[in-house]
Amino acid sequence: MAQASVPDLGSFLPASPSRVKINLLDITPAAASESVAAFLRERGEPSYRLGQIMPALWQAPVSSFQEVTTLPAALRDALDEAFELPRLTLSVHQVSTDGTQKFLFRLHDGQSIETVSIPDGDRITVCISSQVGCALQCAFCATGLMGFARNLHPSEIAGQVRELALLETPLRPTNIVFMGMGEPLMNWPAVDTALTILNHPDGCGIGARHITVSTVGVLPGIVALGQRPEQFRLAISVHAPSDALRRTLMPINVKYPLETVIRAAADFDRRVTFEYVMLGGVNDQPAHADELAALARACGAFVNLIPLHPGGAGDFTPTSAASIRAFAERLRRAGIEVATRKSRGKDIAAACGQLRVERLRRGANHPTDEDRQVDEPRAVGPGLDRRPA
Ligand code: SAH
C-alpha cells in the first residue's frame, strides 16, 4: 500500500548521461553547429558532414535525421540518438477568405499557442507568440483573458516559423512580427535566442529589419533589444496618449509610465513604431490625436493606427473608418508619419489570442472540434468570431 506508491526513481533518470539528447532547436545556430561538429569529430566523421546536417535544423527542416538521405544510415541513427529536433503539433489550421491563415499549435505539455500568416502582395508576414497566455491584462486583448501560463522556449518561438516550412504547402515568411500571444520583452532570454535563430543565415535567414518586436513598453527589454547589433525593429503598444487613460487600458502603465516608455523609445537607436488601437469614444478624439502627435514627435516615432479587431476582451466599439481617417489626417497635419493597418482575418478570429480563447470557451462542449479540423484548411464562418459573452 504505502510501499507500492513509492515511485521508482530509476525510471525518471536517463540510463546514462550520454543518453540525454541535445535539443538543437533551443540554441543558436552557431551553438548547434559547434555541438554537431564536436559529435562528428568524436565519431571520426569527415567535417563536410556538418554542411549536410545543418540545413535540417532551419533551412530545409526535417522531423528526424532519417529524412536526410545524403547521410549514411548509421550516422542518421546516431544523430537521432544524440540530438532532438522537436516538433510542434498542428491542431487547428484555418484559412480566411482574405488569405490570412491561422494556426493553433499544441506544445509538448498540452498548452496551445497561435501563429498567424498574413499575405500582402509579395510579402508574407507571420505573427508569432512568445508566451502561453499573457500576464498584462490589456483591457481589449483576448490573450489577457486566459492569464499567463508560461514562457515559450526558443525552439517553440522560432519553431512556429519552422512548422510553416514543414507544411504540405510550405510557407516561407518574409517578415516576422512578435504580435501573437504574450509579451516578448517579458521573456527576453528566449526571445533573444529566437531572434538570432530567425535572422541567422543558418537559421531562418530573415533580415533583421523585417523582424519586429512589439511591446507594451518593458524598459529593460527595450534596452536589451537596442543593444543587439542587428537592426531588429521595435513597436510600442501605446494605445493612449496620457497616463490617466493608459492606466485604465493597460495596467502595465503603473510600472512603466508613458513618459519613461517614450524616453526609452527616443534612446532606441533605430526608429520605432507606435501601435494605437482605435477604441470608439475612448481614445479616438481630436484631443487624443494632438497628445499622441506630441509623443510621437518627442521620439521620432511612426504611428500605426489599428482598427479594433472584434472578439477581443472588454466591451469596446471600433472607431468608424471615417473617424480613423480624420484621426490619421490630424496626426499627418501635425507632421507625424502615420499608416492605418488593414484588418485581416476577421472571419477566423485572427487577432491576438482569439482562437485559443474561443477554443477554451467552447472546449467543454466540443471536445472533438480540434481533432476534426487537423490539417483541414478551410474558410470558417462567423461562428468563431463571437465577442466574449
Ligand atoms: N504584448 C505585445 C505583443 C502582443 S499584442 C504588445 O502588447 O505589443 C500585439 C498587438 O495587438 C498589440 O499592439 C495589442 O495591443 C494589439 N491587440 C490586442 N488585442 C487587439 C484587438 N482586439 N484589436 C486590435 N489590436 C489588438
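Only a predicted model underlies this, so the values are computations on that prediction, with no experimental measurement involved. (Residues numbered from 1 in each chain as written. Predicted model: local features only at pLDDT ≥ 70, side-chain atom pairs only at ≥ 80, totals over all residues. Heavy atoms only, no water.)

(A) Just the environment of Leu308, in detail. Within the secondary structure, Leu308 sits in the loop between β13 (302–307) and α11 (321–333). Distance from Leu308 to Val277, taken between C-alpha atoms, is 5.7 Å for residues 31 residues apart in sequence. Residues within four places of Leu308 in sequence aside, it is in contact with Phe140, Val277, Met278, Leu279, Phe316, Thr317 and Pro318. (Helix = DSSP H or I, 4+ residues; strand = E, 2+ residues; numbered from the N terminus. Contact = heavy atoms within 4.5 Å.)

(B) Region of interest: the site of the ligand. Gly182, Ser214, Ser237, His239 and His309 are the nearest of the 20 residues found near the ligand. With respect to the ligand, the side chain of Ser237 contributes an N or O atom lying 2.6 Å from an oxygen atom. His309 is positioned such that a nitrogen or oxygen atom in its backbone is 2.8 Å from a nitrogen atom of the ligand. Notes on the ligand: free accessible area 530 Å², of which the protein chains cover 94%. Of all the secondary-structure elements, those providing two or more residues to the shell around the ligand are β10 (211–215), β12 (272–278) and β13. Considering only residue class, the shell around the ligand consists of 10 nonpolar, 8 polar and 2 charged. (Near = heavy atom within 4 Å. Polar contact = N/O pair within 3.5 Å; in protein donor to acceptor, adjacent residues only side chain to side chain. Areas by Shrake-Rupley, 256 points an atom, 1.4 Å probe, with all protein chains shown as cover. Nonpolar A, V, L, I, M, F, W, Y, C, P; charged D, E, K, R; others polar.)

(C) Representation of helix α9 (residues 258–267). For α9, the complete set of buried residues consists of Leu258, Val261, Ile262, Ala264 and Ala265. Buried residues of α9, seen end-on, are gathered within an arc of 160° and therefore sit on one face of the element. Away from its buried face by more than 90 degrees, α9 exposes Glu259 and Asp267. The elements touched by buried residues of α9 are α7 (219–227), β11 (233–237), α8 (243–249), β12 and α10 (286–299). (Buried < 20%, exposed > 50% of the residue type's maximum accessible area, 1.4 Å probe, protein only. Arc of directions from axis to C-beta.)

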